[in-house]
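Here are the chains, one letter per residue:
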Amino acid sequence: MDSWSILWEQRETLLAGFYNTLALFGISLGLAAIIGIVMIFLLEGNARHPLRRCLIFLIDIMRMLPFLIYAYLLYYGLPALGVRLDAWTAGIVALTTYHGAYFAEILRGLRATVPRGQVDAALAHGYGKYSMMRYLILPQIFLRSGPLLGNQLIYLLKDTAFLTIITVKELTSAASSIQSIYFIPLEAFIVAIGLYWVVCILIDTAMKLVDRIAIKKGISYE
């Protein structure tokens, strides 16, 4: 039996791993986006506020920490402190908090590009800080963030592959399992790369749609 026939017979294993990758990606994306939005709300205001300084410090810690080490510490290190997480929980917590910090930093950078005149006008018309952020600031920065968020989403997708080290049965783990049994590493990982590539194309297409909406509304940099 040739390698591709073996892969066809093992398609359920690959598809199960692919489904788990998509689930990890989707859940972590939603939670990380919430973290990013909440943090950008909390970062609004006085730059010298202790809470704001603490949040920026936490963001910087996440940005300097390699994701693989972070996931490893959550799954294998926390039991030494009496905290045990199953592989899926540890993986989702790692992806969510790690990329949530990056989302917050992306939004914080784009927030600085909003003209001060818009903020003053909103305040003059009776908007509070949070209503201004919700109706004026966030829509603009999200529409302007297409390329940056697109790259971050692709990083998030690829980081799911690192979770194989903490025994999460995602796509890379499935391909690795098949190649270790049947000794077909080239073909197994070609299929895995192809599936990752399809998702990346969908992400890129979605971000281009965001760019077109931003151009139509006249708030794009282009």
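Note that the structure is a prediction, hence the values are computed from the model and not measured.

Peer 1: Whenever I open this one, unusual backbone geometry confuses me. Can you help?
Peer 2: With the exception of glycine, the majority of residues adopt a negative phi angle, and the majority of peptide bonds are in the trans configuration. One non-glycine residue with positive phi stands out, namely Thr 167, at about 70°. Note that Thr 167 resides in the loop between helix 8 (146-159) and helix 9 (171-182). Positive phi values are uncommon outside glycine, yet Phe 183 reaches one of about 60°. Along the polypeptide, Phe 183 turns up in the loop between helix 9 and helix 10 (185-217). The class for Phe 183 is exposed, based on a relative accessible area of 68%.

Peer 1: Please explain the packing of helix 5 (residues 87-111) against helix 8 as it appears in this structure.
Peer 2: Angle between the axes and distance between the axes: these two values describe a pair of packed helices. It is the contact of helix 5 with helix 8, at a shortest axis distance of 11 Å, that shows an interaxial angle of 170°. Classed by the angle they form, the pair helix 5 and helix 8 counts as roughly antiparallel. Contact residues: Leu 95, Tyr 98, His 99, Tyr 102, Phe 103, Ile 106 and Leu 110 in helix 5; Leu 148, Leu 149, Gln 152, Leu 153, Tyr 155, Leu 156 and Asp 159 in helix 8. Split by residue class, the contact of helix 5 with helix 8 holds eleven nonpolar, two polar and one charged.

Peer 1: Is there a simple way to think about the packing of aromatic side chains in this case?
Peer 2: Each pair of aromatic rings is reported with the distance of its centres and the angle of its planes. Counted by the stated rule, this structure contains six aromatic pairs. On the basis of an interplanar angle of 40° and a centroid distance of 4.7 Å, the ring pair of Tyr 72 and Tyr 76 is categorised as tilted. With Tyr 72 and Tyr 76 both in helix 4 (residues 67-77) and four residues apart, the pair spans about one turn of that helix. The class of Tyr 76 is partly exposed, set by a relative accessible area of 38%. Considering the side-chain rings of Tyr 75 and Tyr 76, the 4.7 Å spacing of their centres and the 80° angle between planes classify their relative orientation as edge-to-face. A network of ring pairs unites the aromatic residues Phe 67, Tyr 70, Tyr 98, Tyr 102 and Phe 162 as a single cluster.

Peer 1: I keep staring at the pattern of salt bridges and nothing clicks. Help me out?
Peer 2: One side chain can pair with another of opposite charge once the charged atoms of both are near each other. Under the definition given, this model contains four salt bridges. Put simply, Arg 63 and Asp 60 hold a salt bridge, and the shortest N to O gap is 3.5 Å. Taken as a pair, Arg 63 and Asp 60 lie in helix 3 (residues 50-64) at a separation of three residues, close to a single helical turn. Given the relative accessible area of 38%, Arg 63 is considered partly exposed. Here Asp 204 and Lys 208 are joined by a salt bridge, their closest N and O atoms 3.3 Å apart. Placement of the pair is Asp 204 and Lys 208 together in helix 10, with a separation of four residues, close to one helical turn. Residue Lys 208 is classed as partly exposed on the basis of its relative accessible area, which comes to 47%.

Cut-offs used in this document
Residues numbered from 1 in each chain as written. Predicted model: local features only at pLDDT ≥ 70, side-chain atom pairs only at ≥ 80, totals over all residues. Heavy atoms only, no water. Helix = DSSP H or I, 4+ residues; strand = E, 2+ residues; numbered from the N terminus. Buried < 20%, exposed > 50% of the residue type's maximum accessible area, 1.4 Å probe, protein only. Axes fitted to C-alpha atoms, helices over the stretch in contact; angles between N-to-C directions. Parallel < 35°, antiparallel > 145°, perpendicular 65-115°, else oblique. Contact = heavy atoms within 4.5 Å. Nonpolar A, V, L, I, M, F, W, Y, C, P; charged D, E, K, R; others polar. Phe/Tyr/Trp six-rings, centres within 6.5 Å; stacked < 30°, edge-to-face > 60°. Salt bridge = Lys/Arg side-chain N within 4 Å of Asp/Glu carboxyl O.

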